[in-house]
Amino acid sequence: MQFDETIKVRKEKKIYRVGNKTVKLFNNDFSKSDVLNEALNQARIEETGLNVPKLLDVEMIDGSWGIVLEYIDGKTLEQLMAEHPEKEDEYLELFVDLQMEVHSKRAPLLNKLKDKMNRKISETTLDATTRYELHTRLEGMPKHVKVCHGDFNPSNIIITNDGTPYIIDWAHATQGNAAADVARTYLLFNLEGKKELADKYLNLFCKKSDTAKQYVQKWMPIVAASQSVKGNEHERELLLSWANVVDYE
């Protein structure tokens, strides 16, 4: 296959443009089931009516699994925020509105967020007492079935030239409690060293959705622990320090 442009290079995959298509090509050793699960997530999210690239194909390309999607021409919200810092509040407002729209959807066949987090907590390097506390806290959280993106950040939103937003990268999508999704976005901003933006985001989301900030904060240790299983050493240390805070403040 002839690639027109390399869009992004990650450790486990490369993303290319081929005409009016985007090809996400995974490494040879990447789990086939994870590739197929991501494609399935994409198809299920497409059915909710959210603005997402259409799934076109899943195929072997030069010995590697690839997901073929509709190409969306535009800039990421992350790029726009960097180019127009004076519009940060406006862009953050759009960002929160889009996340709330995601949470308004239902996709009953998606994996359950609680199941995924329980599994991830068990895989952490935390001691047994902390893991027990986190499992117990997770079990006590209200059971919801809202669509959760799982990696909602400005780099996963593309704004087309006519201003239409598209949400991309549904590899981590689940159904569950929206506050967990918000906690994850808050932690992602912090991991990028954007604490001020993280706080502004959390305050805005809680205000617009009428959600108590303390409710989101109760999810922080759980989400941090589950996120610590992946990522680099520096991120892991930071996340585990959050995970060890039994009563997050």
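Residues numbered from 1 in each chain as written. Predicted model: local features only at pLDDT ≥ 70, side-chain atom pairs only at ≥ 80, totals over all residues. Heavy atoms only, no water.

With respect to the nonpolar core
By size, the foremost hydrophobic cluster in this structure holds 55 residues, and its most contacted members are Trp-170, Tyr-201 and Trp-219. In terms of residue count, the dominant contributor to this core is helix H6 (residues 178–191) (eight residues). Residue contacts for Tyr-201: discarding those within four places in its chain leaves Leu-92, Phe-95, Val-96, Gln-99, Val-182, Thr-185, Tyr-186 and Phe-189. (Core = buried A, V, L, I, M, F, W, Y, C linked by side-chain atoms within 4.5 Å. Buried < 20%, exposed > 50% of the residue type's maximum accessible area, 1.4 Å probe, protein only. Helix = DSSP H or I, 4+ residues; strand = E, 2+ residues; numbered from the N terminus. Contact = heavy atoms within 4.5 Å.)

So, the layout of surface pockets
Considering only enclosed or pocket space, the largest pocket measures out at about 1400 Å³ in volume. Around the largest pocket, the lining is made up of 43 residues, and of these Asp-151, His-172, Arg-184, Gln-227 and Lys-230 lie nearest the centre. Where the lining of the largest pocket is concerned, the elements lending two or more residues are helix H1 (32–46), helix H4 (113–123), H6 and helix H8 (213–227). With six residues, H4 is the single largest residue contributor to the lining of the largest pocket. (1 Å grid on protein atoms, 1.4 Å probe; cavity = no way out; pocket = protein on both sides within 12 Å on 5 of 7 lines; lining within 4 Å. Points joined across faces, edges and corners; volume = space filled by probe spheres on them.)

Observations concerning the sheet that holds strand S3 (residues 21–26)
Ordered in space as S1-S2-S3-S5-S4, the five strands form an open sheet in which the pairing is antiparallel. Two strands bound the open sheet, and with one partner strand each, they are strand S1 (5–9) and strand S4 (55–61). The mean inter-strand angle of the sheet, taken between neighbouring strand axes irrespective of direction, is 25°. Of the pairings in the sheet, the one linking S3 to strand S5 (residues 64–70) comprises five bridges and is antiparallel in character. Opposite Val-23, over in S5, you have Val-68 as the bridge partner. (Pairing = 2+ DSSP bridges. Axes fitted to C-alpha atoms, helices over the stretch in contact; angles between N-to-C directions.)

Some words on the sheet that holds strand S8 (residues 157–160)
Spatially, three strands are ordered S6-S8-S9 in an open sheet, and the strand pairing comes out antiparallel. Bordering the open sheet on either side are strand S6 (74–76) and strand S9 (165–167), each of which pairs with just one other strand. The sheet shows a mean angle of 30° between the axes of neighbouring strands, taken without regard to direction. In this sheet, S9 lies alongside S8 in antiparallel orientation, the contact comprising three bridges.

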